[in-house]
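Spelled out, the chains give:
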There are 2 protein chains.
Amino acid sequence: MATLKQVAAHADVSVQTVSNALNAPHRLKPDTLRRVTRSIELLNYKPNRNARSLRTSAVELIGYCVPSWPHGQTHLVMDQFLHALCTAAERTGRHILLFTAPTGIDGMPVYDDLHARRLVDGFVLSQTETHDPRHGWLKEQRIPFVSFGRVWKETTQPGPYVDVDGAAGCATAVRHLYETGRRRIAFLSWPRTSGLAEDRLAGWRTTCKELELPTKDLAIRCPEDMIDEGARATAKLLDAGLEAGTPVDGIVAISDILALGALRELTARGLTAGVEVGVTGFDDSPLASVVSPALTSVRQPIDRIATELIALLTDSPAPADPATGGTERLLQPELVIRGSSAPG
Amino acid sequence: MATLKQVAAHADVSVQTVSNALNAPHRLKPDTLRRVTRSIELLNYKPNRNARSLRTSAVELIGYCVPSWPHGQTHLVMDQFLHALCTAAERTGRHILLFTAPTGIDGMPVYDDLHARRLVDGFVLSQTETHDPRHGWLKEQRIPFVSFGRVWKETTQPGPYVDVDGAAGCATAVRHLYETGRRRIAFLSWPRTSGLAEDRLAGWRTTCKELELPTKDLAIRCPEDMIDEGARATAKLLDAGLEAGTPVDGIVAISDILALGALRELTARGLTAGVEVGVTGFDDSPLASVVSPALTSVRQPIDRIATELIALLTDSPAPADPATGGTERLLQPELVIRGSSAPG
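The name recorded for chain A in an unreviewed UniProt entry is DNA-binding LacI/PurR family transcriptional regulator, from Kribbella caucasensis.

Asker: Honestly, the overall build of chain A in this entry has me stumped. Any pointers?
Answerer: When you go through chain A residue by residue, the secondary structure sums to eleven helices and twelve strands. When the 344 residues of chain A are sorted by exposure, 58% land in the buried category. Relative to all contacts within chain A whose residues are 6 or more apart in sequence, the contacts with residues 24 or more apart total 66%. Summing over all exposed atoms, chain A offers an accessible surface of approximately 14,500 Å²; the carbon and sulfur share of this is 51%.

Asker: Would you explain the side chain of His115 of chain B in this entry?
Answerer: As for its position among the elements, His115 of chain B is in helix H5 (residues 108-116). Overall, the relative accessible area of 12% leaves His115 of chain B in the buried class.

Asker: It is not clear to me how helix H9 (residues 227-244) of chain B should be interpreted in this structure. Could you clarify?
Answerer: Residues that lie three or four places apart on an α-helix share one face, since the helix turns once every 3.6 residues. Counted at 1.5 Å a residue, the expected span for H9 of chain B with its 18 residues is 26 Å, and the 26 Å between its end C-alpha atoms agrees. Of the residues trailing H9 of chain B, Gly245 of chain B is marked for its positive phi of about 75 degrees.

Asker: Help me understand empty space enclosed by the protein in this model?
Answerer: Empty space among the atoms becomes visible once a probe the size of a water molecule is rolled across them. Under the defined criterion, the tally for this structure stands at seven cavities of 30 Å³ or more. Its boundaries defined by the atoms lining it, the second largest cavity holds a volume of some 100 Å³. Along its surface, the second largest cavity is lined by 13 residues, and His95 of chain A together with Thr3, Lys5, Val110 and Asp113 of chain B are the ones closest to its centre. Broken down by secondary-structure element, the contributors of at least two residues to the lining of the second largest cavity are helix H1 (4-11) and H5 of chain B.

Asker: Explain the environment of Leu309 of chain A to me, please; I cannot follow it from the model alone.
Answerer: Residue and element names in this part refer to chain A. By secondary structure assignment, the location of Leu309 is in helix H11 (residues 302-314). With relative accessibility at 0%, the residue Leu309 sits in the buried group. Remark: the alpha-carbon pair of Leu309 and Thr327, spanning 18 residues in sequence, is separated by 9.8 Å. Once you skip the residues sitting within four places of it in the chain, Leu309 turns out to touch Phe81, Leu85, Val124, Val146, Ser147, Phe148 and Val162.

Asker: Would you take a moment to explain the confidence of the model for chain A for this structure?
Answerer: Detail in the predicted coordinates should be disregarded across regions flagged by low pLDDT. Of the residues in chain A, 90% have a pLDDT of 70 or more, and the chain-wide mean is 86. Scored below 50 in pLDDT, residues 48-58 of chain A makes 18 contacts in the model with residues more than four places away or belonging to other chains.

Asker: When you look at the pattern of salt bridges in this model, what are you seeing that I'm missing?
Answerer: Opposite charge on two side chains allows them to pair when their charged atoms are near. Scanning the model with the defined rule gives 40 salt bridges over all chains in all. Put simply, Glu90 of chain B and Lys5 of chain A hold a salt bridge, and the shortest N to O gap is 2.6 Å. Of the two residues, Glu90 of chain B is situated in helix H4 (residues 78-91) and Lys5 of chain A in helix H1 (residues 4-11); the pairing between them involves two chains. A relative accessible area of 26% means that Lys5 of chain A is categorised as partly exposed. Of the charged contacts, one joins Arg338 of chain B and Asp284 of chain B as a salt bridge, the two residues approaching to 2.9 Å between their closest N and O atoms. Within this pair, whereas Arg338 of chain B is found in the segment after strand S12 (334-336), its partner Asp284 of chain B is found in the loop between strand S9 (278-282) and strand S10 (296-299), the two being separated by 54 residues in sequence. Relative accessible area serves as the criterion here: at 15%, Arg338 of chain B is assigned to the buried category. Salt bridges sharing partners connect three or more residues here, namely Asp228, Glu229, Arg232 and Arg264 of chain A.

Asker: Even after reading the chapter, I still don't get the environment of Leu260 of chain A, so can you show me in this structure?
Answerer: Residues and elements named next belong to chain A. Topologically, Leu260 is positioned in helix H10 (residues 256-268). The exposure class of Leu260 is buried, given its relative accessible area of 8%. Once the C-alpha coordinates of Leu260 and Ala294 are considered, the two residues, 34 residues apart in sequence, prove to be 9.9 Å apart. Ignoring any residue separated from it by four or fewer positions in sequence, one finds Leu260 in contact with Ile227, Leu287, Val291 and Leu295.

Asker: Before we go on, may I ask you to explain the pairing of strand S10 (residues 296-299) of chain A in this structure?
Answerer: Walk down a regular strand and you will see the side chains alternate between the two sheet faces. Residues and elements named next belong to chain A. Pairing between strand S9 (residues 278-282) and S10: three bridges, direction parallel. Opposite Thr280, over in S10, you have Thr296 as the bridge partner. With three bridges joining them, S10 and strand S12 (residues 334-336) adopt antiparallel strand pairing. Directly across from Ser297, in S12, lies its bridge partner Val336.

Asker: Can you walk me through the side chain of Arg134 of chain B in this structure?
Answerer: All names here are of chain B. Along the chain, Arg134 turns up in helix H6 (residues 134-140). For Arg134, a relative accessible area of 10% puts it in the buried group. Only 2.8 Å separates the side chain of Arg134 from the backbone oxygen of Ser126, close enough to count as a polar contact. Residue contacts for Arg134: discarding those within four places in its chain leaves Gly104, Met108, Tyr111, Leu125, Ser126, Gln127 and Thr128.

Asker: What exactly am I supposed to notice about the sheet that holds S9 of chain A here?
Answerer: Strands pair in a sheet through their backbones, by hydrogen bonds, and they do so in one of two ways: parallel or antiparallel. Residue and element names in this part refer to chain A. With mixed pairing, the six strands of this open sheet are ordered in space as S7-S6-S8-S9-S10-S12. Lying at the two open borders of the sheet, with one neighbouring strand each, are strand S7 (219-221) and S12. Going from strand to strand, the sheet's axes swing by 20 degrees on average, the running direction of each strand aside. Sheet strands in contact with helix H9 (residues 227-244) are strand S6 (185-189), S7 and strand S8 (250-253), and its direction is about 150 degrees off that of S6. Contacting S6, S8, S9 and S10, H10 runs over the sheet at an angle of about 155 degrees to S9.

Asker: It is not clear to me how the sheet that holds strand S8 (residues 250-253) of chain B should be interpreted in this structure. Could you clarify?
Answerer: All names here are of chain B. The sheet built from six strands is open, its strands ordered S7-S6-S8-S9-S10-S12 with mixed pairing. A single partner strand is all that each edge strand has here, and the edge strands are strand S7 (219-221) and S12. Looking at each pair of strands side by side, their axes are set apart by 20 degrees on average, direction ignored. Pairing analysis gives three bridges linking strand S6 (residues 185-189) to S7, with the strands arranged parallel. Among the inter-strand pairings, Leu188 is bridged to a residue of S7, identified as Ile220.

Asker: Whenever I open this one, the packing of H9 of chain A against H10 of chain A confuses me. Can you help?
Answerer: When two helices pack together, their arrangement is given by the angle between the helix axes and by the axis-to-axis distance. All names here are of chain A. For the pair H9 and H10, the least separation of the axes is 7 Å and the interaxial angle reads 55 degrees. When the axes of H9 and H10 are compared, the pair comes out oblique. The handedness of the crossing between H9 and H10 is right-handed. Contacts between H9 and H10 involve Ile227, Asp228, Glu229, Gly230, Ala231, Thr234, Ala235 and Leu238 on the former and, on the latter, Ile257, Leu258, Leu260, Gly261, Ala262, Arg264, Glu265 and Leu266. Here the contact of H9 with H10 is composed, by residue class, of nine nonpolar, three polar and four charged.

What counts, and where the lines are drawn
Residues numbered from 1 in each chain as written. Chains lettered and ligands numbered in written order. Predicted model: local features only at pLDDT ≥ 70, side-chain atom pairs only at ≥ 80, totals over all residues. Heavy atoms only, no water. Helix = DSSP H or I, 4+ residues; strand = E, 2+ residues; numbered from the N terminus. Buried < 20%, exposed > 50% of the residue type's maximum accessible area, 1.4 Å probe, protein only. Contact = heavy atoms within 4.5 Å. Areas by Shrake-Rupley, 256 points an atom, 1.4 Å probe, with all protein chains shown as cover. Expected span 1.5 Å × (residues − 1). 1 Å grid on protein atoms, 1.4 Å probe; cavity = no way out; pocket = protein on both sides within 12 Å on 5 of 7 lines; lining within 4 Å. Points joined across faces, edges and corners; volume = space filled by probe spheres on them. pLDDT = per-residue confidence, 0-100. Salt bridge = Lys/Arg side-chain N within 4 Å of Asp/Glu carboxyl O. Pairing = 2+ DSSP bridges. Polar contact = N/O pair within 3.5 Å; in protein donor to acceptor, adjacent residues only side chain to side chain. Axes fitted to C-alpha atoms, helices over the stretch in contact; angles between N-to-C directions. Parallel < 35°, antiparallel > 145°, perpendicular 65-115°, else oblique. Left-handed = near helix turned anticlockwise from the far one by under 90°. Nonpolar A, V, L, I, M, F, W, Y, C, P; charged D, E, K, R; others polar.

This is the structure:
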């Protein structure tokens, strides 16, 4: 049996167009409709929701869309996350079906197709974007899903989610640097358009204020998550501190990549991370322990995230979390302390 | 329906023990056999190969075991590989089913179970180890599979494979450094136990000899794939070169991680990669373009690898490769040239 994507490729149209041909043919030009209809017939595509009866109910599959990244970007804990997700699903007798789809709303017909054909019973979403359109769409179609990550800048979340308290993670990093004697703690961030970044930055700012530490001119927004940008921002911070006679002695970076940039700039200046300047990253990616000094970093509880995602999606009894409960789980990250903030 | 793994967990034994209980009960102690049999009954586990008839033939699923890495290690192009594998499978109307299994031979009952229950029709293996036992086992059980990577140190490969010509990749790197004026080109390698490492090292050595370049004391085996080890090996090479009055001016690293270590050591000494010393990595991972100067690196043709894997597994017509043909595909990597070897 052909898939929606194969029909789209055959007719040389988008999956949305095929979906329209089936559900809203009046939206298509006659020529296009004819071409799509012909491909549907030739490929014997059956968008029949009764296809449900074809599949055994023995094993439920959960769909997960592999993100496609522009070259030069990566999800450094992706393999850890997938391993944890599979393990959690298998504990309930389920498996993960991987698929690809266009990003954003354009990919939704692929989700719809997989669900309609009963290949999967629900979806785990990740790489949640600010104003992510997928959640609302799936909710409207009554397709079960759970999200790793919140839909930022929406007051109500459109469905069940598991997320990590990024603000709390950065707050912990600031407190740790404070406790190791740092008094001028900067923050390396991403652009303002990222809801995730604003959340983590707020954790840094609030905690600095609580501890009566300065914040003015100490948050730098790096345009991209690159080692180079982290180094450049660090150079700027160190130079400004020297000029003003108030040297920066702590750096909380929003990612391990930016923290690696900070470490590189310190080394280039003959400074030692953990001695003159304490540095922390975020994600506790494999990079954190391949550098020297090793990087102190905020670790997301990947196994717990995966377990909660599967529990919320499948309604299995999940470990109760008195702090959140319901269908929302905000998990606490953990600071893994290494040489970049605490030598010896 | 319960899975083999669930039965094993329930009876608190390994999956191999459950498999033995079903196929070779005489090997088990009576107590253990009783416990496993009870779990099989309680969970209603049916290891019935006729389960085949339960599943619709509409969609074939291909199994891929997510590797579990010790913390601090990672597969930097994992998400690229998975995306390419899904795309290639979807082009043939198939999908990828992800699963977890114990490493090595201990995991084979999980493969057997997934296949016997007709959840998957075959497997894609990766992270092939020297003397990998999985290939022979699957072949013996007549379970379809294809391998990304050769089983090293075996004269005959136990099944179809796709691999990248690592020797040719390193040869290209040496030639590129030679053409940009380098005459003393070192090699950063992994331990001798890795068949993959020996293959790549051979490419460096042969090409150096062809070009009449020295190789003595210029290959260093780093005990681990860590930035630190790459930096330490580079320091050793640079020191030895200075002492002998024959400075190293090129470094071919077997991985991007080791190359990053080389870049770090050069920076620490006030040297510029691409100017005083040309440096190349391997994998063209996302790290290659987040450093400055960006890293010249040998890129594996991920999309082509995925397409060939799926073609070999499903017997779809594959692009003919006159150089290899049959069920073995040795693909040529490509050198992506950046600032670390060719400034400006």
